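# Understanding the architecture of this molecule
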Amino acid sequence: MPYRILAINPGSTSTKIAVYEDEKPVFINSIQHSVESLAPFHKAIDQKEWRMDLVLRTLEENNIDIHTLDAVVGRGGLIHPVESGTYEVNEFLLRDLLNAQRQHASNLGGLIAHEIANRAGVKAYIADPVTVDELMPYARISGLPELPRISTLHALNQKAIARRYAKEIGDKYENLNLIVCHMGGGTSVGAHRHGRIIDTTNGFNGVGPFTPERAGTLPPGQLIDLCYSGKYTHDEMQKFMVGKGGLVAHLGTSSVPEILDRIDHGDLHSMLILRAMCYTTAKAIGEMAIALKGHVDAILITGGVAHSKRLTDFIADHVDFIAPIYVYPGENELESLALNVLAILNGERDVKVYESEPDNNDPAQINDPKKPSKLREILAESMKVNYVAKRHLTAIRKYWRALPNISRRRGDNDRSND
């Protein structure tokens, strides 16, 4: 008998649900929420009971008995940083979803899954939340100790696409080095090294490319001046970062098809801005190639914006020297959620336990031998790598690796021995 799994993905204006029997979807529905229906709720978390009732009613109307389910999985919310994987919903996870660091509809996923699972007499899970954090130690450090780099990305879709690619080529995700670029209303680019995302842009409101509705990396001096100019409130500046930045700020719309239509009618300004967005995305892919030291098996481009061949062509023209590029348009988070839980039920992966507190690895305490530190262990191991200069050159050391499709000058005659 196939396993029956209910997947729940709450978004800002919809709640998407699907029932899977093993890998096969047998029911998919998107429950839309109008502005008027959301108006009575002050915070996203206040919508829990209302959205849960809508989900249960929709299932009942389509003759789906929750007592036939084997598991329920919800989209992970803005909990504390965790390793990637599938987590059973426990009391600590419920607490952190209820008191999440930011208000977002995704916080409802695990809460609704837990309530429905309790009624059905099965277990509830979340999988690969946006707060997945597997960064290598020095990827966390910025120029100010008060402002560490934070891992926030489209982990669910990135991991799913990476595993899909690995399966298609007959390999394991854990054996590969991949750069995965998710392009939607927000964009995140991750460096996947042997199954872990060791570096990433911040897909929520921080460092990275600008996107259809997010500002991405901004010139810090000018940003500080704008914040203190008196023209905008704190909330308005936050909205520039997420919601009213990017294409919205420049062109008044987040719709890529609309902007492409403008370009087709001769709008050169729209062409400039859209290409600039793609250029910042290409640069982020290049940064992740550095994180992987140039050892990149493939670049995978996914998300809603990836439907546009013109955009992916522009990006590929800038980064195809790094590795082969494969485009997987769109995203299927419901399928990703269901497949993560199916792997648990089939015994292919272990379920992870959500802890009450995140690991505390304060870089300022790394030299204190009395305090346990994963960072200290990782850094001590990495210090064993040495580079030795060759030949009688005045340079103290030399780095060079042959990469495909790069034309180099022929002045260096000793490279064949490196």
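Residues numbered from 1 in each chain as written. Predicted model: local features only at pLDDT ≥ 70, side-chain atom pairs only at ≥ 80, totals over all residues. Heavy atoms only, no water.

### Quick word on the overall build of the chain
Using the following cut-off: Under the scheme used here, helices are H or I runs from DSSP no shorter than 4 residues and strands are E runs no shorter than 2 residues, and both carry numbers assigned from the N terminus. Only protein chains enter the accessibility calculation, which uses a 1.4 Å probe; a residue is then buried when its area is under 20% of its type maximum, exposed when over 50%, and partly exposed in between.
Secondary structure summary: the chain contains 13 helices and 11 strands in total. Out of the 418 residues belonging to the chain, those deemed buried represent 45%.

### Topic: unusual backbone geometry
The backbone phi angle of N63 is positive, close to 60°, even though this residue is not glycine. Turning to its location among the elements, N63 is positioned in the loop between helix 2 (48-61) and strand 4 (71-75).

### Quick notes on the packing of helix 10 (residues 268-291) against helix 11 (residues 309-319)
Convention followed: Simply put, an axis is a line fit to the C-alpha atoms, just over the touching stretch for a helix, and the angle between two N-to-C directions goes from 0 to 180 degrees. Put simply, angles under 35 degrees are roughly parallel, angles over 145 are roughly antiparallel, angles from 65 to 115 are roughly perpendicular, and the rest are oblique. Take the far helix as your reference; a near helix turned counterclockwise from it by less than a right angle gives a left-handed crossing, and one turned clockwise gives a right-handed crossing. By definition in these notes, contact holds between two residues if any of their heavy atoms fall within 4.5 Å.
Remark: helix 10 packs on helix 11, axes separated minimally by 9 Å, with the N-to-C direction vectors making an angle of 45°. If you check the angle between helix 10 and helix 11, you find them oblique. Here helix 10 runs over helix 11; the crossing is right-handed. Contact residues: L274, R275, M277, C278, Y279, T281, A282 and I285 in helix 10; L311, F314, I315, H318 and V319 in helix 11.

### Focus on the confidence of the model for the chain
So the rule is basically this: Values of pLDDT, the confidence the predictor places in each residue, fall between 0 and 100.
Considering every residue of the chain, the mean pLDDT works out to 89; 89% of them sit at 70 or more. Considering only residues more than four positions removed or in separate chains, one finds that residues 406-418, a stretch of pLDDT under 50, has 16 contacts.

### Structural notes on the side chain of N107
How we decide: N or O atoms within 3.5 Å of each other form a polar contact, as long as, within protein, one can give a hydrogen and the other can take it, and as long as residues adjacent in sequence are counted only when both atoms are side-chain atoms.
Within the secondary structure layout, N107 lies in the loop between helix 3 (91-98) and helix 4 (108-120). You can call N107 buried: its relative accessible area is 2%. Looking at N107, its side chain comes within polar contact range of the main-chain nitrogen of L78, at 2.8 Å. Excluding residues within four positions of it along the chain, N107 makes contact with G77, L78, L97, A100 and R102.

### Brief notes about the environment of S336
Following the sequence through the fold, S336 ends up in helix 12 (residues 333-345). Judged by its relative accessible area of 6%, S336 falls in the buried class. Measuring from C-alpha to C-alpha, the distance between S336 and R75 comes to 9.8 Å, with 261 residues separating the pair along the chain. Look past the residues within four positions of S336 in its chain and what remains in contact with it is L156 and A160.

### A short note on the pattern of salt bridges
The line we're drawing: By definition, a salt bridge exists where a carboxyl oxygen of Asp or Glu is found within 4 Å of a side-chain nitrogen of Lys or Arg.
Summed over the entire model, instances satisfying the criterion amount to 15 salt bridges. For the salt bridge of E49 with K48, the shortest nitrogen-to-oxygen distance reads 3.5 Å. Here K48 falls in the buried class, since its relative accessible area comes to 15%. A salt bridge links R163 to D128; the nearest nitrogen and oxygen atoms lie 4.0 Å apart. Placement of the pair is R163 in helix 5 (residues 155-168) and D128 in the loop between strand 6 (123-127) and helix 5, with a sequence separation of 35 residues. What emerges from the salt-bridge pattern is a single network uniting K48, E49 and E115.

### Overview of helix 5
Here is the rule we go by: A helix is expected to span 1.5 Å for every residue after the first.
For helix 5, built from 14 residues, the straight-helix expectation of 20 Å at 1.5 Å per residue is met to within 8% by its first-to-last C-alpha distance of 20 Å. Among all positions in helix 5, only A155, L156, N157, Q158, K159, I161, A162, Y165 and A166 are buried. Once helix 5 ends, the next one or two residues include G170, with phi positive near 75°.

### Thoughts on the pairing of strand 6
Just so we agree on the cut-off: Here, a strand pair is defined by DSSP locating no fewer than two bridges between the strands.
The buried fraction of strand 6 is high, at 4 of 5 residues. Relative to strand 6, strand 4 is paired through 5 bridges, and the arrangement is parallel. Bridge pairing in strand 6 links R75 to A127. Both strand 5 (residues 86-88) and strand 6 contribute to a ladder of 3 bridges, which runs antiparallel. Each bridged residue has a counterpart across the sheet, and for Y87 the counterpart in strand 6 is I126.

### Focus: the layout of surface pockets
This is how it is decided: Detection works on a 1 Å grid of protein atoms alone, calling trapped sets that fit a 1.4 Å probe cavities and calling open sets with protein on both sides within 12 Å along at least five of seven lines pockets, with lining residues defined by an atom within 4 Å of a point. Grid points are joined across faces, edges and corners, and a volume is the space filled by probe spheres set on the points. Charged residues are taken to be Asp, Glu, Lys and Arg, nonpolar residues to be Ala, Val, Leu, Ile, Met, Phe, Trp, Tyr, Cys and Pro, and polar residues to be all remaining types, Gly included.
When its volume is computed, the second largest pocket comes out at roughly 1600 Å³. Listed by contribution, the elements that provide at least two residues to the lining of the second largest pocket are strand 2 (14-21), helix 7 (234-241) and helix 12. For the lining of the second largest pocket, a count of residues per class yields 12 nonpolar, 21 polar and 11 charged.

### A look at the sheet that holds strand 9 (residues 196-200)
Spatial ordering of the open sheet is given by 9-8-7-10-11, a layout of 5 strands whose pairing is mixed. Each edge of the open sheet is held by one strand with a lone partner, namely strand 9 and strand 11 (325-329). In this sheet, neighbouring strand axes are inclined to one another by 25° on average, regardless of whether the strands run parallel or antiparallel. With 5 bridges connecting them, strand 7 (residues 177-183) and strand 10 (residues 298-303) associate as parallel partners. Note that in strand 10 the partner of I179 across the bridge is I299. Sheet strands in contact with helix 5 are strand 7, strand 8 (187-193), strand 9, strand 10 and strand 11, and its direction is about 130° off that of strand 10.

### Notes on the sheet that holds strand 3 (residues 24-32)
Ordered by their spatial adjacency, 6 strands build an open sheet running 3-2-1-4-6-5, and the pairing between neighbours is mixed. Looking at strand neighbours, the two that pair on one side only are strand 3 and strand 5, the edges of this open sheet. Mean inter-strand twist for the sheet, computed between neighbouring axes without regard to direction, equals 20°. Strands strand 1 (4-10), strand 2, strand 3, strand 4, strand 5 and strand 6 of the sheet are contacted by helix 12, whose axis makes an angle of about 140° with strand 1.

### Quick look at the environment of H192
Mapping H192 onto the fold places it in strand 8. In this structure, H192 is in contact with Q158, K159, A162, Y173, L176, N177, L178, V180, I197 and L292, ignoring residues within four places of it in sequence. At 2.7 Å, the side chain of H192 forms a polar contact with the side chain of Q158. In this structure the side chain of H192 is engaged in a polar contact, spanning 2.7 Å, whose partner is the side chain of Y173.

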